[in-house]
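Residues per chain are reported as follows:
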Amino acid sequence: MNIDYSSVIPNNVSLGNDRKLMRALMSWRPRFLDWWDEIGPVGFDQDEIYLRTAVSTEPGGWSRFGHVRMSEYRWGIFLADRVQDRRVPCGDDAGETAWQEVPGDRRSALQSLIVTQADTEPASVEQQRRLGQTAPSLYDARNLFQVNVEEARHLWAMVYLLHGYFGRDGRDQADALLERRAGDENRPRLLEAFNQPCEDWISFFCFTCFTDRDGKFQLGALAESGFDPLSRSCRFMLTEEAHHLFIGERGIERIARRSAQLANIDPNGDPRGQGGIDLPTLQKYCNYWFAYCLDLFGSEESSNSSRAFSMGLKGRWKESQVEGDHVCASARTTILEVKNGALSEKTVPLRRAMNELLRDEYIIDCQRVVERWNSALEAEGSDFEIRLPNKRFYRRQGLYSQHHFDPDGNLISEEDWVQQEDNWLPSQSDRDYVLSLMKPNLTPGKMAQWISPPRRGTNGKAVDFEYVRKA
Ligand SMILES: [Fe+2]
Ligand SMILES: [Fe+2]
């Protein structure tokens, strides 16, 4: 389905035929643009960035590239094509015809799922707003801005649902999305990982690798919603998300490679001696962001997750491809809880463990990424292995948040934690060191010392292509 670019709001949802909705979105649009101006990327507003824009929702060949100013980016509303005879994939109504309208009894549960997802989109733009100023290369600056404009488009995708299907309440929620701010004490974003500062490029790459990957899994589960417009919206967002994950994964890989190379040439074998980032520090950043992202999946045992599943609003990962039971009315599973100072198994209804199931799928995906990093390190002659910490490590939400665990998942005392914390998470001096390396490299072909060049440029262009044209 091609996208209508003649409209102020590019779309493939026939917005032109729905005057009421068009009016509502057109009144939200100037506030969105103000938000972008106020809290979007700092600087670069007059520069032309080599960005991709969606032109159709067909898989493959859906985007085109060109130099554009970010403020003139064509944010639009794109749904993946409708699947013929689509059915509710899970829950009590599994197998019924999927809903094109919001079922009355599920309205508030569905709205809160959409608002929670929507809130993360502008939050990440806010968290990353200063990073352009310390970009390690023009190639990386472009990647950052691509992520930023697409996260802002994801906000549009969610606001379309709120305006189109939730009336007055939906419009109020859409306004509130522009009022909260990442990290703001009085009006913070809804989820804690989206209030954490992201002020250096290791954090940016960890964010796009681990936090955007949480996005992949949340969108994947919402793509299995019985509410068809949400499913179609999420399916298209996933095509954009893949590139964000690529940027994060390859970014960390490039830092790791460089670290190994610099260790080889430094007389003391220390990359820091050569202006690089040592692998133990990189490991600590991965520990920090991975743990924050695990929290995003919610409590191990959760009545909300049970409700969303039984109502058919949110499925499991690839629900439609899961063999067998899609109702899960009586299935049970076990989770580990801390009881009398030790871990012990607890049997719970499967429906109440949906968060944990999705978190486990996420961990498997992260593990594959870490293995690719380690192959890259091996190819550079390093025997350092990056490892994912256990899912109980440094959790601030859920069953494990009241206790301390080491990176292997062993229960440890408060005293041990305090003693070891700086070995496992970035210390203030690690953070200061990393920040001291963050300096802009904004001439074509230049690359900061602490990161390897990418193997290829973007969209077939050379690595030293002018990805950002200075005004
Ligand atoms: Fe997103
Ligand atoms: Fe993303």
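For the structure itself, look to the data block above.
Because the structure is a prediction, the values reported are computed rather than measured.

### Describing the overall build of the protein chain
Now for step 1: Assigned secondary structure in the protein chain consists of eleven helices and seven strands.
Now for step 2: Radius of gyration (C-alpha) of the protein chain: 23 Å, near the 23 Å computed for a compact globule of 471 residues.
Now for step 3: For the protein chain, the C-alpha atoms occupy an extent of roughly 70 × 65 × 40 Å along the three principal directions.
Now for step 4: In the protein chain, which comprises 471 residues, the proportion classed as buried is 45%.
Now for step 5: Excluding contacts between residues fewer than 6 apart, the proportion of contacts in the protein chain whose partners are at least 24 apart in sequence is 70%.

### Brief notes about the nonpolar core
Now for step 1: Among the nonpolar cores identified, the biggest contains 118 residues, and Ile114, Val159, Ile202, Cys206, Ala256 and Trp289 are the most heavily contacted of them.
Now for step 2: It is helix α3 (residues 138–165) that contributes the most residues to this core, 16 residues altogether.

### Here's the deal with helix α9 (residues 354–379)
Now for step 1: Taking 1.5 Å of rise per residue, the 26 residues of α9 would be expected to cover 38 Å, and the 39 Å separating its terminal C-alpha atoms lies within 8% of that figure.
Now for step 2: Considered for burial, the residues of α9 that qualify are Met354, Asn355, Glu356, Leu358, Arg359, Tyr362, Cys366, Val369, Trp373 and Leu377.
Now for step 3: Looking at the buried positions of α9, the neighbouring elements they touch are α5 (201–222), α6 (228–265), α7 (279–295), α8 (303–310) and β3 (332–339).
Now for step 4: Two residues or fewer past α9, Gly381 is found with a positive phi of approximately 85°.

### Things to note about α8
Side chains three or four residues apart in an α-helix point the same way, a direct result of the helix having 3.6 residues per turn.
Now for step 1: All buried positions along α8 are accounted for by Ser305, Ser306, Ala308 and Phe309. One face of α8 carries all of its buried residues, which in axial projection span an arc of 165°.
Now for step 2: On its buried face, α8 is in contact with α2 (107–127), β4 (342–349) and α9.
Now for step 3: Gly312 occupies a position one or two residues after α8 and carries a positive phi of about 75°.

### Quick word on the environment of Glu361
Now for step 1: On the secondary structure map, Glu361 appears in helix α9.
Now for step 2: Overall, the presence of 18 C-beta atoms within 10 Å leaves Glu361 in the partly exposed class.
Now for step 3: Taking the C-alpha atoms as reference, Glu361 lies 22 Å from Ser375; in sequence the two are 14 residues apart.
Now for step 4: For Glu361, the contacting residues outside a window of four places in its chain are Phe217 and Trp317.

### Structural notes on the sheet that holds strand β2 (residues 63–68)
Now for step 1: One open sheet holds the three strands; their spatial order is β2-β1-β7, and the pairing between them is antiparallel. Of all strands in the sheet, those with a lone pairing partner are β2 and β7 (468–469), marking the two edges.
Now for step 2: Bridge count for strand β1 (residues 48–54) against β2 is six bridges, and the pairing is antiparallel. Opposite Arg52, over in β2, you have Phe65 as the bridge partner.
Now for step 3: With respect to the sheet, α3 is in contact with β1 and β7, its orientation differing from that of β1 by roughly 40°.

### Comments concerning the packing of α3 against helix α4 (residues 167–177)
Now for step 1: Interaxial distance between α3 and α4 falls to 7 Å at its minimum, and their mutual angle equals 155°. Relative to α4, the element α3 is oriented roughly antiparallel. Where α3 abuts α4, its residues Leu155, Val159, Leu162, His163 and Tyr165 lie against Gly170, Arg171, Gln173, Ala174 and Leu177.
Now for step 2: Partitioning the contact of α3 with α4 into residue classes produces six nonpolar, three polar and one charged.

### Remarks on the pairing of β4
Now for step 1: For β4, a buried count of zero out of eight residues is recorded, marking the element as mostly open to its surroundings.
Now for step 2: Looking at chain direction, β3 and β4 are connected through eight bridges and run antiparallel. Bridging from a neighbouring strand, Lys339 pairs with Ala342 of β4.
Now for step 3: Counting the residues that bridge the hairpin from β3 to β4 gives two residues, and of these Asn340 lies at a positive phi of roughly 50°.

### Topic: unusual backbone geometry
Now for step 1: With a phi close to 50°, Ser14 is a non-glycine residue in the positive phi region.
Now for step 2: For Ser14, the position within the fold is in the segment before α1 (19–39).
Now for step 3: Here Ser14 falls in the exposed class, since 9 other C-beta atoms lie within 10 Å of it.
Now for step 4: A positive phi angle, near 55°, is found at Asn459, a position not held by glycine.
Now for step 5: Its place among the elements puts Asn459 in the loop between α11 (428–437) and β7.

### Here we look at the environment of Ile247
Now for step 1: Positionally, Ile247 belongs in helix α6.
Now for step 2: Residue class for Ile247 comes out buried when judged on the 23 C-beta atoms lying within 10 Å of it.
Now for step 3: Every residue in contact with Ile247, bar those within four places of it in the chain, is listed here: Asn143, Val147 and Thr208.

### Looking at the environment of Asn441
Now for step 1: Structurally, Asn441 is set in the loop between α11 and β7.
Now for step 2: In sequence terms Asn441 and Ala141 are 300 residues apart; their C-alpha atoms lie 9.3 Å from each other.
Now for step 3: Setting aside its immediate chain neighbours within four residues, Asn441 contacts Ala135, Pro136, Ser137, Lys446, Met447 and Ala448.

### Some details on the packing of α2 against α4
Now for step 1: Packing of α2 against α4 brings their axes to within 10 Å, and their N-to-C directions diverge by 25°. Here α2 lies roughly parallel to α4, going by the angle between them. At the point where α2 passes α4, the crossing takes the right-handed sense. Note on element contacts: α4 touches α2 through Asp169, Gly170, Gln173 and Leu177, opposite Gln111, Val115, Ala118, Asp119 and Pro122.
Now for step 2: Of the residues in the contact of α2 with α4, the class split is four nonpolar, three polar and two charged.

Cut-offs used in this document
Residues numbered from 1 in each chain as written. Chains lettered and ligands numbered in written order. Predicted model: local features only at pLDDT ≥ 70, side-chain atom pairs only at ≥ 80, totals over all residues. Helix = DSSP H or I, 4+ residues; strand = E, 2+ residues; numbered from the N terminus. Rg over C-alpha atoms; globule rule 2.2 N^0.38 Å. Buried ≥ 20, exposed ≤ 12 C-beta atoms within 10 Å, placed from the backbone. Contact = placed C-beta atoms within 7 Å. Core = buried A, V, L, I, M, F, W, Y, C linked by C-beta atoms within 7 Å. Expected span 1.5 Å × (residues − 1). Arc of directions from axis to C-beta. Pairing = 2+ DSSP bridges. Axes fitted to C-alpha atoms, helices over the stretch in contact; angles between N-to-C directions. Parallel < 35°, antiparallel > 145°, perpendicular 65-115°, else oblique. Nonpolar A, V, L, I, M, F, W, Y, C, P; charged D, E, K, R; others polar. Left-handed = near helix turned anticlockwise from the far one by under 90°.

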